[in-house]
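# Understanding the architecture of this molecule
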Amino acid sequence: MKICRLFILLLAGLTVTISAVSQDQKSDTPDQAVLRLLKELDAAPQGPGRITILLDLVRAYRSVDMKKAIHYGKLGVKLCNEFNDRKSLALFFKLLGIIHYRQGDNDIAMDYSKKSLAIFLKMGDKQAVSDMYNNTGLIYEEIGDLEKALEYYFMSEKLKQELGDKKKIGFVYNNIGSLYYRKGLYSLALDYLLKGLKIKEETGDRRRQGTSYLNIAALYSQLNQEKKALEYRLKALAIARETGNRGSEATLYTNLAAHYSLAGDYSLAEKYLKKSIEIWIELDSKKGVASVYRNMGNLYYRQKKYGQAKQYLTKSLRIYRETNNLAWAVFTLRWLGQTHKANGDFKTALRYYHETLDMATEQNRLEIKRAAVKEMSDIYAQRKNFKDAY
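Residues numbered from 1 in each chain as written. Predicted model: local features only at pLDDT ≥ 70, side-chain atom pairs only at ≥ 80, totals over all residues. Heavy atoms only, no water.

### Here we look at the overall build of the protein
In plain terms, the rule: Numbered from the N terminus, helices here are DSSP runs of H or I no shorter than four residues, and strands are runs of E no shorter than two. Radius of gyration: over C-alpha atoms. The globule rule applied is 2.2 Å multiplied by the number of residues raised to the 0.38 power. Residue burial is assigned from relative accessible area. The probe radius is 1.4 Å, only protein chains are included, and a residue is buried under 20% of its type maximum, exposed over 50%, and partly exposed in between. Residue contacts follow a heavy-atom distance rule, with two residues in contact if any of their heavy atoms lie within 4.5 Å. Per-residue accessibility takes into account occlusion by the displayed protein chains alone, with areas from the Shrake-Rupley method and a 1.4 Å probe.
Within the protein, the regular secondary structure consists of 19 helices and zero strands. What you see for the protein is a C-alpha radius of gyration of 22 Å, in line with the 21 Å of a compact globule of 390 residues. The dimensions of the protein, computed from C-alpha atoms along their principal axes, are 75 × 40 × 35 Å. Within the span of the protein, comprising 390 residues, buried residues form 59% of the whole. Taking as baseline every contact in the protein between residues at least 6 positions apart, the subset at least 24 positions apart corresponds to 61%. Carbon together with sulfur atoms contributes 51% to the accessible area of the protein, which is approximately 16,700 Å² in total.

### What about the environment of G196?
Structurally, G196 can be placed in helix α10 (residues 186-203). Counting along the chain gives 16 residues from G196 to S212, while the straight-line C-alpha distance between them is 7.2 Å. Setting aside its immediate chain neighbours within four residues, G196 contacts G170, Y173 and S212.

### Some remarks on the pattern of salt bridges
A side chain of one charge can pair with a side chain of the opposite charge if their charged atoms are brought near each other. Using the following cut-off: Here a salt bridge means any side-chain nitrogen of Lys or Arg lying within 4 Å of a carboxyl oxygen belonging to Asp or Glu.
Considering all chains together, one arrives at 26 salt bridges under this definition. Put simply, E40 and R36 hold a salt bridge, and the shortest N to O gap is 3.1 Å. Here the residue E40 and the residue R36 both occupy positions in helix α2 (residues 30-43), the gap between them amounting to four residues, near one helical turn. Note on R36: relative accessible area 19%, which makes it buried. With its nearest N and O atoms 3.1 Å apart, the salt bridge here joins K94 to D131.

### Points about the packing of helix α13 (residues 246-262) against helix α14 (residues 266-282)
For the record, the criterion: What counts as an axis is a line fitted to C-alpha atoms, over the stretch in contact for a helix, and the angles between N-to-C directions run from 0 to 180 degrees. An angle below 35 degrees is treated as roughly parallel, one above 145 as roughly antiparallel, one from 65 to 115 as roughly perpendicular, and anything else as oblique. Left-handed describes a crossing whose near helix is turned anticlockwise from the far helix by less than a right angle; the clockwise case is right-handed. Charged means Asp, Glu, Lys or Arg here, nonpolar means Ala, Val, Leu, Ile, Met, Phe, Trp, Tyr, Cys or Pro, and polar covers whatever is left, Gly included.
Direction vectors running N to C along α13 and α14 enclose 160°, while the axes themselves pass 8 Å from each other. Regarding the angle of α13 to α14, the classification is roughly antiparallel. The interaxial crossing formed by α13 with α14 has left-handed handedness. Packed against α13, whose contacting residues are R246, G247, E249, A250, T251, Y253, T254, L256, A257, Y260 and S261, the element α14 presents Y266, L268, A269, Y272, L273, K275, S276, I279, W280 and E282 at the interface. When its residues are assigned to classes, the contact of α13 with α14 shows twelve nonpolar, five polar and four charged.

### With respect to the packing of aromatic side chains
Working definition: an aromatic ring pair is given by the centre-to-centre distance plus the angle between the planes. Our working definition: In this scheme Phe, Tyr and Trp rings, the latter by its six-membered ring, pair at centre separations within 6.5 Å, and the angle between planes marks the pair as stacked below 30 degrees, edge-to-face above 60, and tilted otherwise.
The tally for this structure, following the rule as stated, stands at 17 aromatic pairs. Taking 5.8 Å as the distance between ring centres and 70° as the angle between the ring planes, the aromatic pair formed by Y133 and Y152 counts as edge-to-face. Taken as a pair, Y133 in helix α7 (residues 126-142) and Y152 in helix α8 (residues 146-163) lie far apart in primary sequence, 19 residues in all. The same class applies to Y133 and to Y152, which are both buried. Between Y301 and Y306 the ring centres are 5.9 Å apart and the planes differ by 65°, which places this aromatic pair in the edge-to-face class. Ring pairs connect the aromatic residues Y133, Y140 and Y152, which therefore count as one cluster.

### Describing unusual backbone geometry
Phi is positive for D284, close to 60°, though the residue is something other than glycine. The topology assignment puts D284 in the loop between α14 and α15 (286-302). With a relative accessible area of 28%, D284 lands in the partly exposed category. Of note, K304 is a non-glycine position whose phi angle comes to about 65°, a positive value.

### Describing α13
This is how it is decided: What a helix should span is 1.5 Å times the count of its residues minus one.
For α13, spanning 17 residues, the distance from its first C-alpha to its last is 25 Å, which sits close to the expected 24 Å at 1.5 Å a residue. Backbone geometry just after α13 places G264 at a positive phi near 90°.

### Topic: the environment of E201
With respect to the helices, strands and loops of the structure, E201 is situated in helix α10. A sequence separation of 150 residues divides E201 from I51, and the C-alpha atoms of the two residues are 34 Å apart. Residues contacting E201, with those up to four places away along its chain left out, are Q209 and Y213.

### What to know about the environment of A327
Topologically, A327 is positioned in helix α17 (residues 326-342). Filtering out sequence-adjacent residues up to four positions away, A327 remains in contact with E141, E142, I143, G144, R182, Q363 and R365.

### A short note on the packing of helix α3 (residues 50-61) against helix α5 (residues 86-103)
Contact pair α3 / α5: the axes reach a minimum separation of 11 Å and the direction vectors enclose 15°. Classified by the angle their axes make, α3 and α5 are roughly parallel. Here the hand of the crossing between α3 and α5 comes out left-handed. On α5, the residues touching I51, L54, L55, V58 and R59 of α3 are S88, L91, F92, L95 and I99. In the contact of α3 with α5, the residues fall into eight nonpolar, one polar and one charged.

### Quick word on α14
Spelled out, the test is: As used here, the arc is the angular range of directions from the helix axis to the C-beta atoms.
Spanning 17 residues, α14 covers 24 Å between terminal C-alpha atoms, matching the ideal 24 Å at 1.5 Å per step. Of the positions making up α14, those classed as buried are A269, Y272, L273, S276, I277, I279 and W280. Down the axis of α14, the buried side of the element spans an arc of 160°, and every buried residue falls inside it. Opposite its buried face, α14 presents the exposed residues S267, E278 and I281, each directed more than 90 degrees away.

### Topic: the confidence of the model for the protein
This is how the line gets drawn: Here pLDDT means the predictor's own confidence in every residue, given as a number from 0 to 100.
Averaged over all residues, the pLDDT of the protein is 88; the fraction at 70 or higher stands at 91%. This stretch, residues 1-14, has a pLDDT under 50; its non-local contacts, to residues over four places away or in other chains, come to 51 contacts. This model gives residues 20-26 a pLDDT under 50, and the stretch forms 15 contacts once residues within four places in sequence are excluded.

Below you can see the structure in the form of structure tokens.
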């Protein structure tokens, strides 16, 4: 029973905070901002004056249509090169890195982020450099290099402390908390998440309070405090709807599905997963779609529908490999092993556990290594092959 519980709680995952350039200061919703900015762009004469409009348009579009955000971002890059606007070029690279990260295209995201960081370092813009250290750390975390990610997060925090950038220190605390969660260091994770939430509440950062609520909910789930977890998830969902944050809304539907699956309400869990995948498809997020497939696999696993569970977990793993999202690929490999084991296919289960062990070793993921070794030992013991048992 304990294994099943861990299986679904880890599926929910945590949400990270990206250091992005300032949002448009008007009180527009993203859809309203897009319409206004398209009119401004249409009326603007050809020339460098269009660069600022394009930057704002990419910021607005990334919440509602990432394909169009990329399209206008590339137009902005072309215009910046034409007029030798290095600072704006770095900002476009930064935004394009964020968008590709959200889509799950980690190699492309890393390329854009490194380009942006290089320009800001050359300019000596410490504020922008601290943001890019944070964002680059996120991508390292996604590809499974947790130590490198932590190094970048702490470089970001150090610079932000020097600059007195209290608001964005809260962002970095959130991401450090997320990373410690992945490493299984739950006490440290909760400490950093609560520190981040306190700063967001003090600075009135309503949108990112929702991110903190979501992550704290995942921690409370891990600590078996489901009532507290649901309370924080519902707070986060209210903020996501209020602020038009579609990505967070989709993530929360996935988390609510995990909650109701644990409670045995599989019909309601499936309903929330369907709502989640509709949004991720709308946002063209391969990463989001993969997370729903992963959770659908777990939902069927809990119902002992192992054939359907394997189908969805395999689809999820395929996307993670295509997008070089090795941090989640290693989890999914382990869950595929667990599913085959539950179905009595020990040979295939062992193959997946060996792959899990290799990938977890590369990523220095000790908790996953221990879990895979234990599962393999159980199989060898059941087959009375004590020689190969760990």
